[in-house]
Amino acid sequence: MSTLKAQLNAAMKDAMRAKEKERLSTIRLIQADIKRVEVDTRSELDDAQLIAIMDRMLKQRRDSIAQFEAAGRQELADQEAFEISVIQQFLPTPLSDDEINTLIDQAIAATGASGMQDMGKLMAMLKPQIQGRADMAAVSGAVKKRLG
């Protein structure tokens, strides 16, 4: 069992003991999504794959918050924000803007990227280092600004 799965199981037990219904519900959502992917792929996932799943869950919730706020449903937006805070507890420490810029500079130097035609190659190199630690859309924007 991966260390991230063990953390999720321990957090679920703690939430049950503390009778934290909302937190428990969010942890179970994470575990259900992981289990769904494991059943679909018929394999046990490693920590990097689990981080990718949780990163996708974060993106979905950020999109939902924007839609709920546009529709005037603040209570649903607040629920999504709470779920984001729980999911982020299991992800690696977020990168600062300076760290992201340093990684982009290193990737540009390593790939020799000179224009927008090299963006895919650059993002492919950055994704494993940044996934789960930064918003990939923001990183993509920074890369576009640097290359464009």
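These notes cover the structure that comes with them. (Residues numbered from 1 in each chain as written. Predicted model: local features only at pLDDT ≥ 70, side-chain atom pairs only at ≥ 80, totals over all residues. Heavy atoms only, no water.)

For the rest of this paragraph, the subject is the environment of Leu-8. As for its placement among the helices and strands, Leu-8 is situated in helix α1 (residues 3–17). For Leu-8, the contacting residues outside a window of four places in its chain are Ile-27, Ile-30, Gln-31, Ile-34 and Phe-90. (Helix = DSSP H or I, 4+ residues; strand = E, 2+ residues; numbered from the N terminus. Contact = heavy atoms within 4.5 Å.)

Between its first and last C-alpha, helix α5 (residues 97–111) extends 21 Å over 15 residues, near the 21 Å set by a 1.5 Å rise per residue. Listing the buried residues of α5 in full gives Ile-100, Leu-103, Ile-104, Ala-107, Ile-108 and Thr-111. Take α5 and look down its axis: the buried residues cluster within an arc of 135 degrees, on one side only. The outward face of α5, more than 90 degrees from its buried face, is lined by the exposed residues Asp-98, Ala-109 and Ala-110. Those residues of α5 that are buried are in contact with α6 (119–130) and α7 (136–147). Positive backbone phi, approximately 70 degrees, marks Gly-112, located one or two places after α5. (Expected span 1.5 Å × (residues − 1). Buried < 20%, exposed > 50% of the residue type's maximum accessible area, 1.4 Å probe, protein only. Arc of directions from axis to C-beta.)

Keep in mind these values describe shape, not function.
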